[in-house]
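Here is how the chains run, residue by residue.
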Amino acid sequence: MLEIRNLSFAVEEDGKQKEILHDLNLAIDNGKFVVITGPNGSGKSTLARLIMGIEKPTSGSILFDGKDITDLDITERAKQGISFAFQQPVRFKGIRVKDLLRLAAGKNLSISAACEYLSEVGLCARDYIDREINSSLSGGELKRIEIATLLARHTRLSVFDEPEAGIDLWSFQNLIRIFEKMRREIRDSSIVIISHQERILNIADEILLLSGGSIRKHGTPEEIMPGLVGQNSVCEKLQ
Ligand SMILES: Nc1ncnc2c1ncn2[C@@H]1O[C@H](COP(=O)(O)OP(=O)(O)OP(=O)(O)O)[C@@H](O)[C@H]1O
Ligand SMILES: [Mg+2]
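The text that follows walks through the structure, step by step, so that each part is easy to find. Everything numeric here is computed off the predicted structure, so don't read it as measured data.

## Topic: the pattern of salt bridges
If you walk through the whole model with that rule in mind, you get 9 salt bridges. The shortest N-O distance in the salt bridge between D130 and K98 comes to 2.7 Å. Highlighted residues: D130 in the loop between helix 5 (125–128) and helix 6 (139–153) and K98 in helix 3 (residues 97–105), separated in sequence by 32 residues. Here D130 falls in the partly exposed class, since its relative accessible area comes to 41%.

## Thoughts on the site of ligand 1
In the vicinity of ligand 1 there are 15 residues, among which N40, G41, K44, S45 and T46 approach most closely. Between ligand 1 and K18 there is a distance of 3.4 Å, counted from a nitrogen atom to a side-chain nitrogen or oxygen. One nitrogen or oxygen atom from the side chain of K44 is found 2.7 Å from an oxygen atom belonging to ligand 1. Relative to its unbound accessible surface of 640 Å², ligand 1 loses 67% to contact with the protein. Elements with a minimum of two residues in the shell around ligand 1: strand 1 (2–13), strand 2 (16–28) and helix 1 (44–52). Of the residues forming the shell around ligand 1, the biggest block, 3 residues, is contributed by helix 1. For the shell around ligand 1, the per-class residue count stands at 3 nonpolar, 8 polar and 4 charged.

Criteria and cut-off values
- Residues numbered from 1 in each chain as written.
- Chains lettered and ligands numbered in written order.
- Predicted model: local features only at pLDDT ≥ 70, side-chain atom pairs only at ≥ 80, totals over all residues.
- Heavy atoms only, no water.
- Salt bridge = Lys/Arg side-chain N within 4 Å of Asp/Glu carboxyl O.
- Helix = DSSP H or I, 4+ residues; strand = E, 2+ residues; numbered from the N terminus.
- Buried < 20%, exposed > 50% of the residue type's maximum accessible area, 1.4 Å probe, protein only.
- Near = heavy atom within 4 Å.
- Polar contact = N/O pair within 3.5 Å; in protein donor to acceptor, adjacent residues only side chain to side chain.
- Areas by Shrake-Rupley, 256 points an atom, 1.4 Å probe, with all protein chains shown as cover.
- Nonpolar A, V, L, I, M, F, W, Y, C, P; charged D, E, K, R; others polar.

Following this line, the structure appears as structure tokens:
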């Protein structure tokens, strides 16, 4: 279980403190598929970075399975079983797709097992397995490879920041299928997805609505969706 207690995050801007997240309190149980949504700039990616340990909170604490992880760095948190897919994936020069999948799996993954993860994200494995993770990959390809690494990792808490960003409409269908499958196989791990997409919001166990750095609503899709739907983008409605 992930617990967030009185979490605030501020940055210094022009000599003044600018508060980005304000006193968040939240618990995510094992086995839950939680979607965080809210307008651009509401603090969703910041919250994900705090959970992952990329940023440190100004105050408050983060607990994972009862253990205080607030002072642990990103590597230590990864060891505890937390993984993260970025809104803008990182390119690793010199590393090939198969190496990245092996690193993620933490074992000497066979080529056929690595290929299965690529197929799951809709990439023709043969064409990608030996490709280097560099700027020759398109944004959508990179995003899919990153999702494949999270599938290979099987961590206890996976955080995806806008997995749909840069994915074309045709592949979006595939992406939904990946998340539906993850949800079916969730067992005692948890998945947190930051998304603006109604179809992803609809398959959530819980939706968390962030706005202006605070949690405005937290509930089931049945409770939260009626106030949001009716527009293509949840964000538009919220602004
Ligand atoms: N290091 C920083 N310095 C200054 N401002 C920051 C910093 N990090 C985040 N912000 C600001 O905090 C706010 C929240 O940013 P964040 O990236 O968390 O938003 P978001 O909800 O993920 O938005 P989007 O939907 O566009 O991805 C934004 O206004 C952003 O400009
Ligand atoms: Mg963001």
